[in-house]
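Coordinates in review
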Amino acid sequence: MEAAGGEDTISFQDEAVDKSVFKDCNKIGFYRRQKLLPRKNPYRALLDSVTSGKESTKFQIINEVNKVPLLAEVYGIEGNIIRFKINEMAPLKPRYEVLDVLIQQPVTKRLTPCPGGTGMLVLKDDSGQLKLHITANPFKIDLSSEEEPVLSINSMGHLFFEHLQMPPKHRPSTESEEDVSTDHPQESQDDLGLWQEKFGKFVDIKTNGPSSIGLDFSLHGFQHVYGIPQHAETHQLQNTGDTEAYRLYNLDVYGYKLHDKLGIYGSIPYLLAHKLDRTVGIFWLNASETLVEINTQPTIEHTLSPKGSVLAKQKARARTDVCWMSESGIIDVFLLMGPTPAAVFKQYSILTGTQALPPFFSLGYHQCRWNYDDEQDVKAVDAGFDDHDIPYDVIWLDIEHTEGKRYFTWDKKKFPNPKRMQELIKSKKRKVVVISDPHIKVDPMYSLYSQAKEKGYFVKNNKGRDFEGTCWPGASSYLDFTNPKVREWYSGLFAFSEYQGSTDILFVWNDMNEPSVFRGPEQTMEKSAIHHGNWEHRDLHNMYGFYQQMATAEGLIQRSKGEERPFVLTRSFFAGSQKYGAVWTGDNVSEWGYLKISIPMLLTLSVTGISFCGADVGGFVGDPEPELLVRWYQAGAYQPFFRGHSTMNTKRREPWLFGEEHTKLIRGAIKERYALLPYWYSLFYHAHVASEPVMRPLWVEFPKELETFGVEDEYMLGSALLIHPVTEPKVTMVDVFLPGSEEVWYDLQTFVRWEGARTLKVPVTLNRIPVFQRGGSVIPMKTAVGRSTGWMTHLPYELRVALDTKGSARGDLYLDDGHSFQYLHQKQFLHRKFLFCDGVLSSSCADENAHYHSECVVEKILILGINKQPSSVTANSGGANKPMSFTYCSKTAVLHLENLSLNVGADWEVRVK
């Protein structure tokens, strides 16, 4: 967001992003230094220094130019993971190493040295399948699996490690000024940003001097790479070439530009590479500003000189080179060796955790605006949903609900009785979300500020005083969430006794936590600011929002004495943020291009661990035309986090304000979402326990089909539904790619059956987007929807069974109380599996350790792809066969079974003869 005005008169500027506020790569000192490094690799491994133990293999690396020794460590980790670290042997002071992202110390397994050639060390894992060939001079590592080369480290010679040095004024006079940067003696310090760096009116003083790191990886046979969010870019990462590198630096970029590699609100330094027979991942564990260059060389056939009458041909194998550069810290990288997409997802979750299982209500529709004016406004909006028969679950309050932008307070004139307001919302079985940002208004009369100041809980400036910047309240200080004591204190603020006016239906939204600092360098905190442990902000910038969301989630858990699941949405995030809640794509714009880009942005978040993600429906900035708004609701209904949101100077945008015809279409989209909530919840259970993304690019589900690798205008929801949102105006026909030569697909609206491995021209009107169910799947649904999820607990289920080419199908249903941790601590849940085979649909227990009582029944079953009318249908539950009435449509080949009353938690069979 943009800001203007005096210190206490912050106003909102409705303009697109001003790119001059943010740096291009060529304005970043450590990028310039690394790009100017000599191409001759100056590093040599000292193989006579090798020590090998149970935990790791260690050896030294020497920079032949400056003779500074580095310590390299190689770890084998359970689950087909390799960890590689490089640090200084004897740094002047400790270098920053990322904490709190890894959920535990990884379980290591021994890598055994074995004979190699001269100047080479070979390590292999206990299976003998993974081998690391470490070449001494120049230093390089080649990693192979089953003798097949997978990736190389430093094969391009881009290893870069700036050792910590004394400031020039403290050096003995015998040292020359050239020693400041022995790699670039000809360059001036100002040009390279060694000890200070200028950007506009800002000067970044670097008390530790240059400390950047870099390393290259060559991925052999790969030409499709994904990941490293967050950018408003394609899902498949593009060659950077001579253009901008992908930047990972959390920034408040209001109305961000499309197809841009500028870092926006969050950063996950994790890249996936995929080819027909393998998927691998590179997780670069570094929280400082990071740049990633990508160069893909596709498979090329070269014609050689003729031999006789035959032209000889040689195939140059595809390769993708990835170069990582970070401003500070150490090199700490995890190589996830797959070999499948599912295996890579699992390996990443072993390190950083899985998606938190969200409370059920949070999968419904959320209504937000900056800002709902007062209690009467909230009451009217809530009633409007009921009056127009539109389900919703959560109403949100932005910064204006507080007393002068003081978080954990209420504006006494606008919200004189917040508890009474929440009781009204609770009576509708709905929830409230309020905002809580990291900046705290500088006001000695504000108890939260005075407490934090007294305890020393704010980030400091480089002079040791509390850092002050400008944000929505005016002059603000910023809580130091990197400090465990600050997080503990902040978590305690959510206790009902502390947060006056809060109730158990109030949940939280962390915004502006990049952190956003108006009039700061690139609208964020100065890198020289000091955090707990005397670490500079530059070392951990990308983790600041991660820590706030962690503290917020813990606070909501604590206020319920550990019983209730939290819901926390954050704008800024890092690797591992999935453990704490949901993420959205920030301040998007009400234009068709932003609807279209939301799909690849969410797919990228999904494959990098964050399944609970979404984009503001309708666009945050601007006023959408009715057609765009309808199409956005239709898309959002099939995306994990589903929230309508808009900024303060837009027209009101509640779903019933665009005429009855558009209201009907929006209502239909939201009701489709609610009918599918049993399927959604089951998908989130699988994300939680098995690291399976909820929203998936086609290549994840069809990893051996090259045609899927670049598709990003459609996606899979779980393994059963293919979604193709309409993202352009006035469209009457869209091309839908149905993957899989062995697959069949059913139009979810017409039930028409199509074979896979084809592109289908699908006619569309404004009342639908193409959605297809995959043959071989069973989808659990509700037969009706309620005013919110709370009204749907006891409504009956429908099973949508879509048969594959062999006449079979399978699926599952996960069910628990939807809000507590009893599923985890007491095993109070149901996990049912459904199987249709040889004309029998069966329901059985998928987890014998689970127990949860439900009176709900499966009332309706639709079986798609039955080729002939059955002679009879019987149901067996509890040992008795009962004939069932049915209808069969020969035109659509659909069998309808209704009024079944089969308990959802019981074993039963339905036989079709």
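Predicted model, so just to flag it, every value in this text is computed and none were measured.

From N to C terminus, the protein chain includes 15 helices and 58 strands. Radius of gyration (C-alpha) of the protein chain: 29 Å, near the 29 Å computed for a compact globule of 913 residues. Its C-alpha atoms put the protein chain at 95 × 85 × 50 Å along the principal axes. Counting the 913 residues in the protein chain, one finds 62% classified as buried. Pairs at least 24 apart in sequence give 71% of the contacts found in the protein chain among residues at least 6 apart. Here the protein chain has roughly 33,700 Å² of accessible surface; of this, 50% comes from carbon and sulfur atoms.

Look at the link from N137 to P138: it is a cis peptide, with omega at -5°. Residue placement: P138 occurs in the loop between β10 (130-135) and β11 (140-145).

Attention now moves to the packing of aromatic side chains. Throughout the structure, instances matching the rule amount to 50 aromatic pairs. Plain terms: the ring middles of W396 and F567 are 6.1 Å apart, the flat faces sit at 80° to each other, and that makes the pair edge-to-face. Taken together, the positions of W396 in strand β27 (residues 394-397) and F567 in the loop between α9 (544-559) and β35 (568-570) put the pair 171 residues apart, joining distant regions of the chain. No difference in accessibility class separates W396 from F567, as the two residues are buried. Pairwise contacts between aromatic rings join F361, W396, F507, W509, F567, W584, F612, F641 and F684 into one cluster. Directly above the ring of W791 sits K429, whose terminal nitrogen or CZ lies 4.2 Å from the centroid. Against the face of Y797 rests K782, its NZ or CZ located 4.0 Å from the ring centre.

On to the sheet that holds strand β29 (residues 439-441). Strand pairing within a sheet occurs via backbone hydrogen bonds; the two strands may be parallel or antiparallel. One open sheet holds the three strands; their spatial order is β29-β31-β30, and the pairing between them is antiparallel. For this open sheet the edge positions go to β29 and β30 (468-471), each flanked by a neighbour on one side alone. Averaged over neighbouring strand pairs, the angle between their axes works out to 55° when direction is ignored.

Turning to the packing of helix α10 (residues 592-607) against helix α11 (residues 626-636), a few remarks are in order. Viewed as axis vectors pointing N to C, α10 and α11 meet at an angle of 10°, and their least axial separation amounts to 10 Å. In terms of axis orientation, α10 runs roughly parallel to α11. Here W592, Y594 and L595 of α10 lie close against α11, whose contacting residues are E627, L628, R631, W632 and A635. Across the contact of α10 with α11, the residue classes tally to six nonpolar, no polar and two charged.

Our next topic: the environment of I294. Position of I294 among the secondary structure elements: in strand β21 (residues 290-297). Taking C-alpha positions, I294 is 8.4 Å from Y246, a pair spaced 48 residues apart along the chain.

Our focus in this paragraph is the sheet that holds strand β39 (residues 695-696). Taken in spatial order, the six strands line up as β39-β40-β41-β46-β43-β44 in an open sheet, and their pairing is antiparallel. Edge positions in the open sheet fall to β39 and β44 (753-755), since each of these has one partner strand only. One ladder, built from three bridges, connects strand β43 (residues 744-747) with strand β46 (residues 771-774); its direction is antiparallel. The partner of Y746 across the bridge, within β46, is Q773.

The interhelical angle for the contact between helix α7 (residues 484-492) and α9, taken along N-to-C directions, is 45°, at an axis separation of 8 Å. Relative to α9, the element α7 lies oblique. Seen along the crossing, α7 lies across α9 with a hand that is right-handed. Across from R487, Y490, S491 and G492 in α7, the residues of α9 making contact are Y547, Q548, M550, A551, T552, E554, G555 and Q558. Split into classes, the residues belonging to the contact of α7 with α9 amount to four nonpolar, six polar and two charged.

Counting buried residues in strand β25 (residues 331-336) gives six out of six residues, a clear majority hidden from the surface. Taking every second residue as pointing to the same face, both faces of β25 are buried, with I331, V333 and L335 on one and D332, F334 and L336 on the other. Alignment of strand β6 (residues 81-88) against β25, held across six bridges, turns out to be antiparallel. Across the sheet, the residue bridging to F84 is V333, located in β25. With four bridges connecting them, strand β20 (residues 278-284) and β25 associate as antiparallel partners.

Relative to the helices and strands, D812 is located in strand β49 (residues 809-815). No salt bridge is formed by the buried D812; its nearest oppositely charged neighbour, R696, is found at 8.9 Å. Leave out the neighbours within four places in its chain, and D812 touches S682, H686, V778, P780, H831, R832, K833 and F834.

Take the state of the cysteines next. All told, the structure shown has zero disulfides when counted by the stated rule. The thiol of C368 is unpaired, and the distance to the nearest cysteine sulfur, on C471, comes to 17 Å. Using a relative accessible area of 1% as the deciding quantity, one classes C368 as buried.

Let us look at the pairing of β6. Each regular strand shows side chains that alternate between the opposite faces of the sheet. Where burial is concerned, most of β6 is hidden: eight out of the eight residues are buried. Of the strand pairs in this sheet, strand β5 (residues 69-77) and β6 are connected by eight bridges, and their pairing is antiparallel. Following the sheet pairing, L71 is matched in β6 by N87. Linkage of β5 to β6, two consecutive antiparallel strands, is achieved through a turn of three residues, within which G79 is found at a positive phi near 100°.

A separate point is the nonpolar core. Of all hydrophobic cores here, the largest spans 187 residues; its most connected members are L479 and F567. The greatest single-element share of this core, amounting to 10 residues, is contributed by α10. Once residues lying within four places of it in the same chain are set aside, the contact partners of L479 are P438, I440, A452, Y457, F458, V459, V486, W489, Y490 and Y544. By size, the runner-up hydrophobic cluster in this structure holds 48 residues, among which are Y43, I61, V74 and L132.

According to the stated counting rule, one finds 58 salt bridges in the structure shown. It is possible to trace a salt-bridge network through shared partners that takes in D204, R247, E289, E327, E522, K527, E536 and R538.

This brings us to helix α12 (residues 660-675). Helix length check: α12, at 16 residues, gives a terminal C-alpha distance of 22 Å against a target of 22 Å (1.5 Å per residue), a fit within 8%. Buried within α12 are the following residues: T663, L665, I666, R667, A669, I670, R673, Y674 and A675. The secondary structure elements touched by the buried residues of α12 are β26 (365-367), α11, β38 (642-644), α13 (677-690) and β47 (777-782).

Here D539 is to be found in helix α8 (residues 537-540). This buried residue, D539, is left without a salt bridge; R538 holds the nearest opposite charge, at 5.6 Å. Reaching out from D539, the side chain makes a polar contact with the side chain of S328 at a distance of 2.7 Å. When sequence neighbours within four positions are dropped, the list of residues in contact with D539 reads Y96, A287, S288 and S328.

Looking now at the environment of A893. In this structure, A893 sits in the loop between β55 (886-889) and β56 (894-897). A relative accessible area of 16% means that A893 is categorised as buried. Between the C-alpha atom of A893 and that of R753, which follows or precedes it by 140 residues, the distance is 8.8 Å. Setting aside its immediate chain neighbours within four residues, A893 contacts I863, L864, G865, I866 and Y888.

This part takes up helix α4 (residues 375-387). Along its 13 residues, α4 runs 18 Å from first to last C-alpha, staying within 8% of the 18 Å computed at 1.5 Å per residue. Buried within α4 we find E375, D377, V378, V381, D382, G384 and F385. Of the surrounding elements, those touching the buried residues of α4 are β26, β27 and α5 (418-427). In the segment just after α4, D389 is the residue with positive phi, at about 55°.

Now for the confidence of the model for the protein chain. Per-residue confidence for the protein chain averages 94 on the pLDDT scale, and 94% of its residues sit at or above 70. Across residues 1-14, where pLDDT falls below 50, the model places 52 contacts with residues more than four positions away in sequence or in other chains.

Calculation notes
- Residues numbered from 1 in each chain as written.
- Predicted model: local features only at pLDDT ≥ 70, side-chain atom pairs only at ≥ 80, totals over all residues.
- Heavy atoms only, no water.
- Helix = DSSP H or I, 4+ residues; strand = E, 2+ residues; numbered from the N terminus.
- Rg over C-alpha atoms; globule rule 2.2 N^0.38 Å.
- Buried < 20%, exposed > 50% of the residue type's maximum accessible area, 1.4 Å probe, protein only.
- Contact = heavy atoms within 4.5 Å.
- Areas by Shrake-Rupley, 256 points an atom, 1.4 Å probe, with all protein chains shown as cover.
- Phe/Tyr/Trp six-rings, centres within 6.5 Å; stacked < 30°, edge-to-face > 60°.
- Lys NZ or Arg CZ within 6 Å of the ring centre and 35° of its normal.
- Pairing = 2+ DSSP bridges.
- Axes fitted to C-alpha atoms, helices over the stretch in contact; angles between N-to-C directions.
- Parallel < 35°, antiparallel > 145°, perpendicular 65-115°, else oblique.
- Nonpolar A, V, L, I, M, F, W, Y, C, P; charged D, E, K, R; others polar.
- Left-handed = near helix turned anticlockwise from the far one by under 90°.
- Lys, Arg positive; Asp, Glu negative; His and termini not counted.
- Salt bridge = Lys/Arg side-chain N within 4 Å of Asp/Glu carboxyl O.
- Disulfide = S-S within 2.5 Å.
- Core = buried A, V, L, I, M, F, W, Y, C linked by side-chain atoms within 4.5 Å.
- Expected span 1.5 Å × (residues − 1).
- Polar contact = N/O pair within 3.5 Å; in protein donor to acceptor, adjacent residues only side chain to side chain.
- pLDDT = per-residue confidence, 0-100.

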